[in-house]
Structure formats: structure tokens, C-alpha cells
Amino acid sequence: MGRRAIVPLKYKMVIPLVLLLLAVLIYPMGSSLLVSFQDYRLTALRERHFVGFDNYLRIPRDARFWNAMSNTLIFVSSAVFLEFVFGFGLALLLHRRVRMRNFFRSVLLTPMFITPVAVGLIFRFMLNSEFGIIPYLLRSLGIEVDFFATSPLALFSIVFIDVWQWTPFMMLLLLAGLESLPREPFEAARVDGASAWFTFRKVTFPLMRPVIVVAVIIRMLDAFKVFEYLYVITRGGPGNSTESIMYYIYRVGFRFFRMGEAAAMSYVLALIILLLVFLEFQLLRMARST
Amino acid sequence: MKRLGLFVSFLAVMSLAALGAKTLTIIMEEVPDTDVIRQLIPEFEAQNPDLKIVIDAMPYEAMRDKILTEFLAPVSSYDIVIVDNPWTDEFAAGGFLVDLTDRVMALEGYDFEDFAKPIREIGIYEGRIFGLPFYNYALAMIVRQDVFDEAGIPIPTNIADYVKVCRQLTNKEEGFYGAAMQAKRGYKIFEEGKNYMYALGADVFDDEGNIVINSHLAKAALHLYIANLEAAAPKGAINWGFDEAFRLMAAGKAATMITYNWMLPSLNNPEKTGELAGKFAFYEVPGGKAVLGAWYWSIPRNAADIEASWRFISWVTSKAVEKKRVILGGAPVRMSVLKDPKVWEKGYGKQYYLTLVKILEDAEPLVRGLHAEEIIETVGLEMNNAAAGIKTVDKALDDAAKAIAEIIGK
Amino acid sequence: MMRRRLRSAVVHVLVWVAFVIVVFPYFWMFLTSLKPYWLITSPNVWIFRPVLDNWREVIFESKLPLYLLNSLIVGGTVALVSVAVGSLAAYSFSRFNTGGVPARFAILAAQMLPPVVLVISIFLMMYHLRLLKTYVGIIVAHLSFILPLVTWFLIGFFDEVPRELEEQAMVDGYTRFQAFYKVVLPNVRAGAAAAGIFGFVLSWNDFFYALILTGGPTKTLPVAVAGFWTFRGIEMGQMAAAIIVAIVPVAVASFFVQKYLVKGLGGGLKY
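1. Description of the overall build of chain B
Check the secondary structure of chain B and you find 20 helices and 13 strands. Taken over C-alpha atoms, the radius of gyration comes to 23 Å for chain B, in line with the 22 Å a tight globule of 410 residues would show. Counting only C-alpha atoms, chain B reaches 80 × 55 × 45 Å along its principal axes. For chain B, with 410 residues in total, the buried portion stands at 53%.

2. Side note on the overall build of chain A
What chain A contains, in helices and strands, is 13 helices and two strands. Along the first, second and third principal axes, the C-alpha atoms of chain A reach 75 × 75 × 35 Å. Taking all contacts inside chain A whose residues are at least 6 apart in sequence as the whole, residues at least 24 apart take part in 70%.

3. Describing the sheet that holds strand β3 (residues 80–84) of chain B
Residues and elements named next belong to chain B. Read across the sheet, five strands follow the order β2-β1-β3-β12-β6 without closing on themselves; strand pairing throughout is mixed. Either end of the sheet is taken by a strand with one partner, and the two such strands are β2 (51–57) and β6 (132–136). Each strand axis lies, on average, 25° off the axis of its neighbour in the sheet, ignoring direction. For strand β1 (residues 22–28) and β3, the ladder comprises two bridges, and the chain directions are parallel. From the neighbouring strand, I26 faces β3, where its bridge partner is I80.

4. Let's talk about the interface of chain A and chain B
At the interface, 18 residues of chain A touch 23 residues of chain B. A breakdown of the residues in the side of chain A that touches chain B according to their chemical character gives seven nonpolar, seven polar and four charged.

5. So, the packing of helix α7 (residues 135–160) of chain C against helix α10 (residues 189–205) of chain C
Residues and elements named next belong to chain C. Packing of α7 against α10 leaves a shortest axis separation of 10 Å and a crossing angle of 155°. Taken together, the axes of α7 and α10 are roughly antiparallel relative to one another. Between α7 and α10 lies a crossing of right-handed hand. Contacts from H142, I146, L149, V150, F153, L154 and F157 in α7 reach G191, A192, A195, F198, G199, L202 and S203 in α10.

6. Things to note about the confidence of the model for chain B
Should the pLDDT be low somewhere, the predicted coordinates at that spot are not to be read in detail. Residues and elements named next belong to chain B. Across chain B, the average pLDDT comes to 93, with 95% of residues at 70 or higher. This stretch, residues 10–17, has a pLDDT under 50; its non-local contacts, to residues over four places away or in other chains, come to zero contacts. Taken together, the chains of this predicted complex give a pTM of 0.92 and an interface ipTM of 0.90.

7. So, the environment of F157(C)
As for its position among the elements, F157(C) is in helix α7. With 28 C-beta atoms counted inside 10 Å, the residue F157(C) sits in the buried group. Aside from chain neighbours lying at most four places away, what touches F157(C) is S180(A), V211(A), V188(C) and G191(C).

8. Quick look at unusual backbone geometry
Residue and element names in this part refer to chain A. With an omega dihedral of -5°, the bond running from G237 to P238 counts as a cis peptide bond. Within the secondary structure, P238 sits in the loop between α11 (228–232) and α12 (245–255). Of note in this structure, F257 is not a glycine but carries a positive phi near 70°. Along the polypeptide, F257 turns up in the loop between α12 and α13 (259–289). Note on F257: 23 C-beta atoms within 10 Å, which makes it buried.

9. So, the sheet that holds strand β7 (residues 139–144) of chain B
Residues and elements named next belong to chain B. Taken in spatial order, the four strands of this open sheet run β8-β9-β7-β10, and their pairing is mixed. Looking at the sheet topology across the chains shown, the edges are occupied by β8 (177–179) and β10 (280–283). Taken pair by pair, the neighbouring strands of this sheet meet at an average axis angle of 25°, ignoring direction. Relative to β10, β7 runs antiparallel, the two being bridged by four bridges. The residue bridging I142 from the neighbouring strand is F282, located in β10. The strands touched by helix α11 (residues 242–250) within the sheet are β7, β8 and β9 (254–260), with β9 carrying the most contacts at an inclination of about 140°.

10. Things to note about the interface of chain A and chain C
Facing 76 residues of chain A, the contacting portion of chain C comprises 85 residues. Per element, the largest residue contribution to the side of chain A that touches chain C is eleven residues, and it comes from helix α2 (residues 15–35) of chain A. Class assignment for the residues of the side of chain A that touches chain C results in 60 nonpolar, eleven polar and five charged.

11. Let's talk about the environment of G173(C)
Tracing the sequence through the fold places G173(C) in the loop between α8 (163–171) and α9 (176–187). Note: C-alpha distance between G173(C) and G215(C) (42 residues apart in sequence) is 53 Å.

12. Regarding the environment of K219(B)
All names here are of chain B. By the element assignment, K219 lies in helix α10 (residues 216–232). On the basis of neighbour counts, which here come to 21 C-beta atoms within 10 Å, the residue K219 falls in the buried class. Residues K219 and I407, 188 residues apart in the sequence, show an inter-C-alpha distance of 21 Å.

13. Notes on the domain arrangement of chain B
Residues and elements named next belong to chain B. When cut into domains, chain B gives domain 1 (17–136 + 294–354) and domain 2 (139–291 + 371–409). Domain 1 puts five residues into the contact, and the matching count from domain 2 is five residues. Looking at the side of domain 1 that touches domain 2, its residues break down into three nonpolar, no polar and two charged.

14. A look at the pairing of β7(B)
Residue and element names in this part refer to chain B. Where burial is concerned, most of β7 is hidden: six out of the six residues are buried. Across the two faces of β7 the burial is the same, with L139, M141 and V143 and A140, I142 and R144 all buried. Where β7 meets β9, five bridges bridge the pair, whose relative direction is antiparallel. Note that in β9 the partner of M141 across the bridge is I258.

15. Observations concerning the confidence of the model for chain A
Of the residues in chain A, 97% reach a pLDDT of 70 or more, and the chain-wide mean stands at 90. Ranking the helices and strands of chain A by mean pLDDT puts helix α4 (residues 63–95) of chain A first, with 96, and helix α9 (residues 184–191) of chain A last, with 86.

16. Side note on the pairing of β9(B)
All names here are of chain B. In terms of burial, β9 is a largely internal element, seven of the seven residues being buried. Pairing of β8 with β9, which is carried by two bridges, proceeds in the parallel orientation. When the bridges of β9 are listed, A179 appears paired with T256.

About the thresholds
Residues numbered from 1 in each chain as written. Chains lettered and ligands numbered in written order. Predicted model: local features only at pLDDT ≥ 70, side-chain atom pairs only at ≥ 80, totals over all residues. Helix = DSSP H or I, 4+ residues; strand = E, 2+ residues; numbered from the N terminus. Rg over C-alpha atoms; globule rule 2.2 N^0.38 Å. Buried ≥ 20, exposed ≤ 12 C-beta atoms within 10 Å, placed from the backbone. Contact = placed C-beta atoms within 7 Å. Pairing = 2+ DSSP bridges. Axes fitted to C-alpha atoms, helices over the stretch in contact; angles between N-to-C directions. Nonpolar A, V, L, I, M, F, W, Y, C, P; charged D, E, K, R; others polar. Parallel < 35°, antiparallel > 145°, perpendicular 65-115°, else oblique. Left-handed = near helix turned anticlockwise from the far one by under 90°. pLDDT = per-residue confidence, 0-100. Domains from an automatic or database assignment.

The following block contains the structure:
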């Protein structure tokens, strides 16, 4: 017993996680950090050399970077918001007694199981103004929409696709959260004759808060990586209106070979995301303590 | 026990067989030209019992990323790669590809000069050969011959006429368009629009290498392109790629399309177009000079056995095999094959190959050099900006010129 | 009574609306997989002579079943390992606040970096370990970004479990770990099942790592499906058939995991 007690349980329980992450990620993260301080072009590897903060100093003046950043922020906030609202709504609905509940639950999860490249291609077809089925149906209702032809709409069409695919994730997480809630508070509320809205606001929502924090943060992290839909559908167009930050970094690093610049941008991006996630985490936590 | 013995000897036989034949892995994509190669492989394997060919099919858009990472490994898992024309110079300059020059010159009867000139030149970087032509995708004008005949309109041979005819044939109420266009940002709009530039004698660089993408001729060409897009193409075409434009054509909803020459047999195939099959014909792009694309066979510098890889690519690009490949439906790259009556007879007919000869005589890739990919993306972005009305034509091409200067400066 | 019935009707209508929105693209895909090429672009055509070529090619002539199996093996392993390892870590973060807030965020670090800047190093590492084109290689690479997310996913569920539960168990003579294993864990079954599905989904959908790290016989489904998007256009019919083939087993599996997820409650609770 004596020797084993040296490492407290709380550390023992995270050891497998930490070891695995260190083993896989320490080298890639370290080397990409090094690369971010180099003039590192894949087509001229022999000429690579350190350039200090040059790659970082370039970023504030890089209009494309900030344009892509703002597109991404608009995308992330609107997509995650809609997914949360719809996902929570569906979770509440399916938490009730609904006929064929298990059937509905598993069918409503399926959009997650299609690889995003394919989802992008399917919607590229379905939303096509000339021969897509959705514009066709809308036209028969007298509505004429061209989903990817004009500037703000194209970005929101991408949001729409993301909502279709990832609302199920919110539903899954929040539904599991609802299922794990203790019963007693609800029974107490019922005995007190509380209205449904009151119960939701004063019992369900506060109890669900830890799960909600996690749901929003995880979804946000993933939404920042939006890439496939626009890679497949718009390539960032019309103009620069749907270019996302991941797509921009991918192009600079992989398509144009300038890995040094791409790595520097990645670290700036990581910092921005970290800041956002941290703020969100603290905000939601503060809300909990009041 | 007996069974175990059998199993062990089975394993031994298997591993001997595996040792006996060396595997050559080729990265390709899942397209008809790859199927043609699959049909030819048994013949190669019969002649070279020590080699076995495996094709690893990858999605087109991701192939370049996959190839690039494999270049960085000590030994590539691909023995042969196929390279698209915008990548050739960058890959060669990066030192990723084997210099094939001496091998090509030493090979008797290979006749490198037989490859159509514009095509073979793309495989050459600073005087050395790094890629052997696989198949061409030069652009041509595909038309609905029946529509032109019915309307009594002659096939346009210059770009201004082309734009005029497209407008004339458009009937938007009935959903019929003069031109199936692909104005998607990036490669697509540039690939299409550059034919308009060639028609007016404009280009990205002049002969001395000066940036002339913002010349008044280039601007005039872009104006014509946008005029055609607005008058004769569906509105959504601002975000269309090849696939949408081709489908519009295949569905019988467009009169013309500037696209890859070998899409003609596809369009005339009843499996793709049903009753419309046979009504399509192709011509040189208006103005005569076309955008050229082509795929190349190359050997990674870090391939496991360069000699074995060379045996395959020199065989598959030889005159005799090229002839078989083209008869099976592959897109030709050798002049001798294009002019071979036997090919005419067994392929798509004399007219088809002679038109192709004319197209290949005067064709040029979008951009060459070390930053080809980035320049293409940049021009394609600015053209799309102009087409979407985000910038004026003047501003867009001036910005493109500035951006290119910066890219080259890097 | 009236009101309750009305409410139940509204709930059912809303569920059906969601169902239609989700299922409509599948219906379209199914139609597309049966249409001849030139009719795919005609949304107003509903009656036509179906073509079965796409289905024949996908099921019998392609290697899609193999790639489907690969994805199931990789995704299943990733889901199991990440739930096992992740629930240990999540419990520690939730109950002991191990390493404080910085540690929680540190495990997400790789999550915030684009895969583009990591993938080349991971590729070279796997090369030297001879793990390229193996299941182990791609599973380990997937775990590196899925495990932290699954851990985060589970933290919320452990936070929901009242502390009194395990304190009571320890009073009854359980060690801390036994209390975790026998009392707390059964209470987060719903969360663990959902986390497993989530981990599976991330692995199942990953394209970029799978593209770079697998190949030949270990290729996974997303890479194969993306292959229908070629230089010569999109093979929409075949792709639609392939997607439907791929979704069905996963949907059926998730049906049973869901059942387990719901039934996990009520029974088996000791405290």
C-alpha cells in the first residue's frame, strides 16, 4: 500500500489521458511552434531559417486573415446559437413520452453520421438554383432564392447546412443531460404545483447548466474548424465572403507551401479560441454561482 | 498437427510469392482514364513477372495533399505519382521528383518529341524532364449541333461573336441558356475566363515575364466574360464548378460549354444524356487558342525502387501502349496516335482526332512557374470578385496584378 | 385533460416536423441513386424507370464494404477507449479539480490548432514508428483529438451527480475508487453512452487525418466517399447509394445504444 499511495488517486486517474496526449502531441505541437518562427516553405526546405517574429508580425496587416476570422466568428456564433436552441427544444420534446421515441431519437441523430464532405456535396446539389430540389419547391411557393450567389446569404446557407448536421449533437448531449438529472427536484416542483415554464426556468435549466456549458464549448470548438462545406461548395466565394479561417490557413500552408506563416496564424488562432472559450466558461460559471 | 504443417507451408508459399513480385503502388483518382490504365496493367505484369501494380485511388482534391506529405517521408509509399499541370514546377523545384531526362533520352524508339509540344513542355522544368504526359485536358467548345443547325447560326470563331450568339440562343423563361458556365472562385473561373483572354491576346505575363493581367485587353476580355455570364448563363453560375455546368449541358438546358475536349464522348453517351446523345459536337474555343491542362506520370525522389517505377512509366507512355490506351478511350497526348487511321477507326472517328490536333497545336496552361497554384487562386479570386459585382473589372485586375507582384516577390 | 391532449398533439407535430427535415435529404439521395444521369438535374421528375447500376457498383463492385468495416473498427475502438480513459480523467477533474482550470484547458490545446499544422509531424512520427496505414496509427491519431473532447463531454455529467452519493458509499466502506466505479459511474451511464456516440462520430467523420495516415486496405469511409468527387465531376448517384449503405448500420447501432442510454436509469441505483 505504502508505495502506491505516493501518487494520489486524482493524479492516477488522469495519467492515461496525459500520457497519451503527450506521446502523440508533444512532438507535432513543439515542431509547429518552432516552424512558426521560421521561413519554412515546403518547396524550399533546404533554405529554411529562423526569422524571429516575422511571421507573427505579418498577421496584423493581413486583411485576408481578419476577413476570414470575422466570417468564422459570424458563422460560429450563429450556428452554435441555432443548434443550441433547436437541440435543446428537441431534447425537451424527446424527453417526454412520445410514440416511437427510440426510433425518432436514433433517426434524428443520423445527420451526424455522414461525413461532412458528403453533406456539403449533397447540399450543393439540393440548394442549386437551377436544378436543386429546395429552390424548386420554394419556387412553387413563389419564393426565388439563390443560396450561394450573393454575399451575406452564402455564409448563412453554410450555417444552415451546419445546423442540419450538428443540431443532433446538441440534442444528444442535452438529452443525455436530461436523462441523468435527479428526479427529486422535479417531484418537489410538481407537488408544489409549479407551472411547466417555472419548472423549466428554476429547476431544469439550473440543474442542466454544467452540461450546457460543455455542450456549447465543445460545439464551438468544432464549429471553428468549419472547412469541408465551403471547400466543397463555395471555395470561399463569392469573393471572400465565405472564406473561413481554417480554409485560409490550409491554403497558405498546404496549397501555397508557406508552412511558417500558416503555423504562426494557427497559434494566433489558438490564442483567440482559448480566450473565447475561457471567457465563456467563466461567464457561465459566474451565472451558476449567483 | 498435420493441419498446422499445411498452414505453415501455405504461409511460406505466400511469402515467397510476395517476395517474388515487387509491388508498385500508384496514386491515382477514380476516373475513366484510370480504368483504362487498369485494363492495360495485366499486359505489363505478364511482361514483367517480377512487378505487381497496385492503384491506390484517392479523391482528386485531396491527392495533392497526400502526395505532398508522402514526399516528406524518408521513403514514399507511392512508387509512382500522377501530377496535375499546375503542380509540376513546384514539385520539381522542391526536389521531390526524379529527373527523367537521361533515361528518356537513352530509351530507344521512345520518341519524346512525339508528345504534342505544349503538353510535353509542361513536364519540363529548367530544361530537365520531370513528368511524362499521361492525358490531356485541353479546353474545347462543345455545342449542341442541332440547336445551331435549327437556328441557322454558324459556329462562332471569335470571342465577340461567341458572346453574341450565346445571348441570341438564351431563353431564360424556358430555362434554356446560351452558355453553361463555371464562375466559381479560384481555378474554375480562371480556367474558363482565360480562354476569353487568349482570344483577345491577353495573358498573365508577357514574354519578358512582366505582369500584364491588368492590361486593357485583359480587362476587355473579363468584361466580355461577365457580359456572357450575365446574359447567357444561369444566375447561380457565379458559384458553379465544372460539375454543375456539365450537368446543365447534359440535361439539354444549354447550347454551348467551354470545357475539356474529352467530355464530348461522355455527352454523346446515352447513359449520360439519354435521347440527347449524338447531338453534341466540339470545336476549337472561339479565338483558336485554348487553355491547356494535362496529367503527368512522375517518380518521387524518395521512391523505393526508381528503376522499377521507370519500367512502368516508360512502358505506359510508349507509342505502342499509348495507342492501345487511346483506343480504349483514354485522352491522347502523342501526335503519332492522333494521326493514326487505326485509332480513328476504332476510337471516335477521324473528325474528333483532327479537331483535337488543331486544339493541341495552340494551347497553353493557365500559369507556369514556382507559384502557379497561388497565382491561379489569386486571379481566380479577383475575377470572381468582378463577376459577383464586389469589385469593378478595373479594380479587380489591378488588385490581381498587385497581389501577383507580391507573391513573386516572396 | 383537454390541455394535456393538446400539448401532446403539439409535441408530436413538432417531432414529426424535425423528422421530415432530417429525412428529406435521405429521400432525395435515395431518389438520386436510382435516377439516370440526365434526370438527376430535374427535381420535377418523380416518376422514371429506376437504374440500379449505382447500387450494384457500390455494393458488389467497389471496396466500400471494406472501408465501412475499417471505419467501424476504428470508430468503435476510439469510442470505447476514449470513454474508458475519459471517464477516469473527467471524474478527477470534476471531483478534485485536478490541475485547476488551466489543466482543463491545456488538454484542449491541440483542439484549437488547425490539423493542417500538426498533420505533417504526426505523419512523420507514424512513419518512423511504422504505424502508417495501420489501424493502430489512425486510432492513436484520432484519440489525440477525440479523447480531450470526450473528457470534457463527461465532466459536465460528473458535475451533475450529487457528491453525497459517493460520500455515503465511502461511509459504507467503499474506497474512493470503488465509489467512483460502482456508484458514480452507473449514474452517468446516459452521459457515457452519449459520449461514446460522440467519440464514434468524430472518428467516423474524420477526413484529413484519415487521408494522410491511412491508405490502401486501411482506408476509411470518408476518404472513399470523397473519392466520388472527381476531377471529372461528382458521381452523385453512387455517392448517394454509398451514404445510405453507410448510414443504415450506424443508425441501427445507435438505436440500441439509445435504448441502453434510457434504460440505464432507474435500475441499478444503489444510493
